[in-house]
Amino acid sequence: MKFTRFEDIQAWQEARQLVSMVYAATNRSKDLSADLRFSSQLSSAAVSVMSNIAEGFARETDKEFIRGLWISKGSAAEVQSLTYAAHDLGYLTEREREQIYSQAEKISRMLSGLITYLRSSQ
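Scoring rules and cut-offs
- Residues numbered from 1 in each chain as written.
- Predicted model: local features only at pLDDT ≥ 70, side-chain atom pairs only at ≥ 80, totals over all residues.
- Heavy atoms only, no water.
- Salt bridge = Lys/Arg side-chain N within 4 Å of Asp/Glu carboxyl O.
- Buried < 20%, exposed > 50% of the residue type's maximum accessible area, 1.4 Å probe, protein only.
- Helix = DSSP H or I, 4+ residues; strand = E, 2+ residues; numbered from the N terminus.
- Axes fitted to C-alpha atoms, helices over the stretch in contact; angles between N-to-C directions.
- Parallel < 35°, antiparallel > 145°, perpendicular 65-115°, else oblique.
- Left-handed = near helix turned anticlockwise from the far one by under 90°.
- Contact = heavy atoms within 4.5 Å.
- Nonpolar A, V, L, I, M, F, W, Y, C, P; charged D, E, K, R; others polar.

What to know about the pattern of salt bridges
Logical step 1: Under the counting rule described, the total for this entry stands at 7 salt bridges.
Logical step 2: Here Asp8 ties to Arg5 by a salt bridge, and the two come within 3.7 Å at their closest N and O atoms.
Logical step 3: According to the relative accessible area criterion, Arg5 is partly exposed, its value standing at 44%.
Logical step 4: Put simply, Lys106 and Glu14 hold a salt bridge, and the shortest N to O gap is 3.3 Å. Here Lys106, found in helix 5 (residues 94-120), pairs with Glu14, found in helix 1 (residues 10-28); they are 92 residues apart in sequence, far enough to count as distant.
Logical step 5: Glu14 gets classed as buried once you look at its relative accessible area, which sits at 9%.

What to know about the packing of helix 1 against helix 3 (residues 36-58)
Logical step 1: One can describe the packing of helix 1 onto helix 3 by two numbers: an axis separation of 8 Å at closest approach and a directional angle of 165°. With respect to each other, helix 1 and helix 3 are oriented roughly antiparallel. Between helix 1 and helix 3 lies a crossing of left-handed hand. Between helix 1 and helix 3, the contacting residues are Ala11, Trp12, Ala15, Arg16, Leu18, Val19, Val22, Tyr23 and Thr26 on the first element and Ser39, Leu42, Ser43, Ala46, Val47, Val49, Met50, Ile53 and Ala54 on the second.
Logical step 2: Of the residues that constitute the contact of helix 1 with helix 3, the class distribution is 14 nonpolar, 3 polar and 1 charged.

In structure tokens form, the structure reads like this:
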């Protein structure tokens, strides 16, 4: 599997959707958008998933790419954790929480597969 652009990486494409989902939920919830610190943390974590895939890829070595993917995977877990807090605080409905959580989980599985592939190809 050879990528020529980070935009070709399916996990990055899915992370881009995650960012849209998080921002859409923030825009729908007046309480979430009013809690600037919390909404900033959630949106930053989502953007970090996407950005670290691109940044790791741009470093042009498998070792650095894998490092970026691990950071991205950690940010996906952060998004998942924050969805629970957002639901507990009444910022997200259970349906919204589950949709965002599931998208982050999907990305995390993709990242695990990509990390495994890159490690085996070294």
